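Chain and residue survey
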Amino acid sequence: MSLSRSPSPQPGGGWASPGLSSPFGEGSGTTTPRTGYRIHDGSSVSWESAKAKTEGVNGYPSFSTHNNGFFNRHYRKISSSLPRFNIGADKSYAEKEKLGRGRWSVRGGSRLARLRSMVRQANRKTKIRFLIGLGIFMLFLIYQMTPIRYWWRRSKALGGGKKFVIILAANQGGGVMEWKGPREWAIERDSIRNKKKYANRWGYDLEIVDMSTKKRYAHEWRESWEKVDTVRNCLRKYPDAEWFWWMDLNTFIMEPSYSLQSHIFNNLGTNTYRDINEYNPLNITHPFPSEHLDAEARSAVGDGKVSSINLVIPQDCSGFNLGSFFIRRSQWTDRLLDVWWDPVGYEQKHMEWEHKEQDALEFLYINQPWIRPHTAFIPQRKINSFPVGACSENGNDTRIHYNEKDRDFVVNMAGCEWGRDCWGEMYNFRELSYYLNRSLWERFKEDLVAVIWFKLTGQKVKL
Amino acid sequence: MHMAMPSRKSSTPRPYTPRSRGVPMLRRSRVQAIVLGLCALATLLFTISHIFGSSESIPSGTPPVVIITVLDTDHYSKAYLDTIKQNRNDYAKKHADLMLMLCYLDYATFFPETTDYDLAGAPSSWSRVPAVRHALTKFPHSTWFWFLEQNSLIMNPAMTVESSILDKVEGLMLKNHPVVPPDSVIKTFPHLKSHQVDLIVTQDNTGLAQGSFILRRGEWSKFFLDTWFDPLYRSYNFQKADAHALEHIVQWHPTILSKLVIIPQRTINAYIKGGPADESGLYKDGDFVIRFVGCETGGRDCIKEADQFSKQWRAVFDARS
């Protein structure tokens, strides 16, 4: 059998058996024989001539430039598909594994070797096609799956995600006040992961704020009024950002495929309303009746320009809701953040203002005319849908409550810590969000294959 | 396709030079003419839009400074209030560019619907805040608003707000100066430029003097006045009502402090002898303004005190006209 090109347990390793060298083998583009120097000069092919021949074809591993005729070109294919006889000579482990000698191996060699031979055998056209396909796939990977997507979505020209910062208030009331149980940890973990994913997807910044009641606040006036400080810190930390989105921990972004730009800010004017009379649960007199104020303060819509909107808040059944709101970098915002908390107001009202900043803001809105022309309201279900448990006194309200058919953007489990099951609600909404945002393949499996299977066999199957 | 060599020229030369441009109409001279024409058109449109379009332009005859005085018709005689009005009016007439605005404390005549502005039982001195806000509305194009309390007289018609205060404010302002004397921790900003100044006040022995201050129109002025007028301050029973409320917001809110300058007292707020001021704050002849601070209490009589100076200001005013 001296005809056969020797099988080699080392893939691509060249001639494993010294005495058997093929007169044809060199032409089919093996790599330089690494074990070549061990060849005993018992054959007709000297090392020098083999090397020369190999070098002659080395640049063209897949096809021979020497037109050696049909048999020579296809000889290797034929032989390589045959079962191989493992002679195992000259192997270092031959001593250890004597039993392995002479065993039949089917297409010996690792997967890598097989792949390599496949590449060698493919023709040029196929290769180019494959490369193009691979290139497209790589581009897709690079731009859709990796951090690069994050960067291009952030950039001003392509996405503008840099203009948005999500501020997530984690660990509210925790710290010295109370220990967290496993459910609280689970809520926090899920909520943070949800926002992280969303921020990464669209190139926004996410600032997770530890709102735990610190010791330094525990006996101070400003206990748990940190919303203002936090927003101010973020203004400083993200100097490129324009809009800051405050989110409470008990919120869940149900539709991560909505970007803030397309969902709200590209059409801020039409997505918000300036005239509170459109939905006015607090019965605020609007606009101001006082005649000494200027026209802008007395107009129901301020100056009516989108550029003058600096604060976007939703209203629930009982007034403003600061569980999810937007605030924009501006001088006006600096002023608002500055006067939002005031010791004189605090001293008089802190027993009354259960919701702290929220009540204080309502008070400012009601009493200080400079606030109104720069505040806009957003329909609650745009950024802050409630589950049925919240605001449920008057039954289901289409302005307030989440509806999966409309694919609401964000759900806020407001007030779930007062006698409702926060973790249960969070879990349900998380699963619902996954269900609503299944990929095509998952839909195919679950809505078609599983259903057909159920009809055929009567068994429910999970794919 | 990449060629190693340029293509060969044809061996038979053409009888004319080929045109360098494809479009025959666009000769250089014509391009110039077209560009010039477009420029002229743009200029014309721009001018027209500025003449007819913009509503923001300042109408002629707008007073640059508005003086605001709130008159207390309940407690003072009409004759006295008339002298005060005349004083302001005469001063305003001397400077045709100044305008006078008089607000009566009796809001019933001025603000027909006072329900929101009955001050909720707070002292009547609070009325200066909505009065200035009202002036901002009434004179929508004026830049500076000078609030001057009723019990005071303008003594020197030669001085104007612009030339003696606004233009010199960078030199006049007290830098790094405690807001509340003698040793408040909160101090005025050391590096303010005149264009950053929105509020000019003075200080007497007791604190910030809110009887005479100058405010610049802008978003900030609305914010400032509305914050000052917050109902929670009015209901708080500050000992000196609006004066203490002003000190409070200046000290607690840096957005207010950063726009404020304190200038020497006598520039716009000289006191009559006996007022709560140092020697440097008491009135001397030639000062801009005299205020009869505290004349409404302690057995003093504002009308009498004003009388002493009435002849003086009339004489000075007449001499200059």
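Now for a description of the structure that goes with this document. (Residues numbered from 1 in each chain as written. Chains lettered and ligands numbered in written order. Predicted model: local features only at pLDDT ≥ 70, side-chain atom pairs only at ≥ 80, totals over all residues. Heavy atoms only, no water.)

Description of the overall build of chain A
Helix and strand counts for chain A come out as 17 helices and 11 strands. Across the 463 residues in chain A, those meeting the buried criterion constitute 43%. The contacts of chain A with a sequence gap of at least 6 include a subset with a gap of at least 24, amounting to 69%. When the accessible surface of chain A is split by element, carbon and sulfur atoms take 57% of a total near 25900 Å². (Helix = DSSP H or I, 4+ residues; strand = E, 2+ residues; numbered from the N terminus. Buried < 20%, exposed > 50% of the residue type's maximum accessible area, 1.4 Å probe, protein only. Contact = heavy atoms within 4.5 Å. Areas by Shrake-Rupley, 256 points an atom, 1.4 Å probe, with all protein chains shown as cover.)

Details of unusual backbone geometry
Residue and element names in this part refer to chain A. Cis geometry is found at the peptide bond from His 286 to Pro 287, where omega equals -5 degrees. Tracing the chain through its elements places Pro 287 in the loop between helix H10 (268-271) and helix H11 (295-298). Positive phi is not limited to glycine here, since Lys 356 has a value of about 50 degrees. Structurally, the position occupied by Lys 356 is in the loop between helix H13 (343-349) and helix H14 (357-367).

Notes on the sheet that holds strand E4 (residues 152-154) of chain B
Residues and elements named next belong to chain B. Across the sheet, three strands lie side by side as E4-E9-E8; this open sheet has mixed pairing. Two strands bound the open sheet, and with one partner strand each, they are E4 and strand E8 (270-271). With two bridges connecting them, E8 and strand E9 (residues 289-291) associate as parallel partners. What sits directly across from Tyr 271, in E9, is Arg 291. (Pairing = 2+ DSSP bridges.)

Some remarks on the side chain of Asp 190 of chain A
Residues and elements named next belong to chain A. Within the secondary structure layout, Asp 190 lies in helix H6 (residues 182-202). A residue is classified by how much of its surface remains accessible, and Asp 190, at 2% relative accessible area, is buried. With residues up to four places along the chain from it excluded, the contact list for Asp 190 reads Phe 252, Trp 423, Met 426 and Arg 430.

Here's the deal with the state of the cysteines
Evaluation of the coordinates by the stated rule reveals three disulfides over all chains. Linked covalently through their sulfurs, Cys 416 of chain A and Cys 422 of chain A form a disulfide whose S-S length is 1.9 Å. One quick way to see it: the torsion about the S-S bond of Cys 416 of chain A and Cys 422 of chain A is about 90 degrees, and its sign makes the bridge right-handed. When sorted by exposure, Cys 416 of chain A lands in the same class as Cys 422 of chain A, which is buried. A sulfur-sulfur separation of 1.8 Å characterises the disulfide bridge that pairs Cys 295 of chain B with Cys 302 of chain B. Taking the torsion about the sulfur-sulfur bond, which here is approximately 90 degrees, the covalent link between Cys 295 of chain B and Cys 302 of chain B counts as right-handed. Cys 295 of chain B gets classed as buried once you look at its relative accessible area, which sits at 1%. Ordinal numbering of bonded cysteines along chain A defines a disulfide pattern of 1-2, 3-4. (Disulfide = S-S within 2.5 Å.)

Some thoughts on the interface of chain A and chain B
Residue-level contacts link 28 residues of chain A with 28 residues of chain B. Surface buried jointly by chain A and chain B totals about 2600 Å² across both partners, of which 58% is contributed by carbon and sulfur atoms. Area buried by chain A at its contact with chain B is led by His 292, Arg 335 and Asp 338 of chain A, which between them contribute 26% of it. Summed over the shared surface of chain A and chain B, the number is three salt bridges. The closest approach of N and O atoms between Arg 133 of chain B and Asp 294 of chain A, which form a salt bridge, is 2.7 Å. Applying the counting rule to chain A against chain B returns 15 residue pairs in polar contact (both at pLDDT 80 or more). Listed by contribution, the elements that provide at least two residues to the side of chain A that touches chain B are H11, helix H12 (331-340), H13 and H14 of chain A. Sort the elements by how many residues they give to the side of chain A that touches chain B and H13 of chain A lands first, with six residues. Counted by class, the side of chain A that touches chain B contains 12 nonpolar, seven polar and nine charged residues. (Buried area = accessible area lost by both parts, 1.4 Å probe. Salt bridge = Lys/Arg side-chain N within 4 Å of Asp/Glu carboxyl O. Polar contact = N/O pair within 3.5 Å; in protein donor to acceptor, adjacent residues only side chain to side chain. Nonpolar A, V, L, I, M, F, W, Y, C, P; charged D, E, K, R; others polar.)

Notes on H12 of chain A
In terms of residue burial, H12 of chain A counts as a mostly covered element, since eight of its 10 residues are buried. Buried within H12 of chain A we find Trp 332, Thr 333, Arg 335, Leu 336, Leu 337, Asp 338, Val 339 and Trp 340 of chain A.

As for the packing of aromatic side chains
All names here are of chain A. Tallied over the entire structure, the rule returns 37 aromatic pairs over all chains. Ring geometry for Trp 246 and Phe 325: centres 6.4 Å apart, planes at 20 degrees, overall stacked. Of this pair, Trp 246 sits in strand E5 (residues 243-247) while Phe 325 is found in strand E9 (residues 324-328), placing the two residues 79 residues apart along the sequence. On the accessibility criterion, Trp 246 (1% relative accessible area) is buried. Taken together, the aromatic side chains of Phe 164, Tyr 198, Tyr 204, Trp 243, Trp 245, Tyr 258, Phe 265, Phe 326 and Phe 409 make up a single cluster linked through ring pairs. Here Arg 372 stacks its cationic end above the ring of Phe 288, 4.0 Å away from the centre of that ring. Arg 372 extends its terminal NZ or CZ atom over the ring of Tyr 365, reaching a point 4.9 Å from the ring centre. (Phe/Tyr/Trp six-rings, centres within 6.5 Å; stacked < 30°, edge-to-face > 60°. Lys NZ or Arg CZ within 6 Å of the ring centre and 35° of its normal.)

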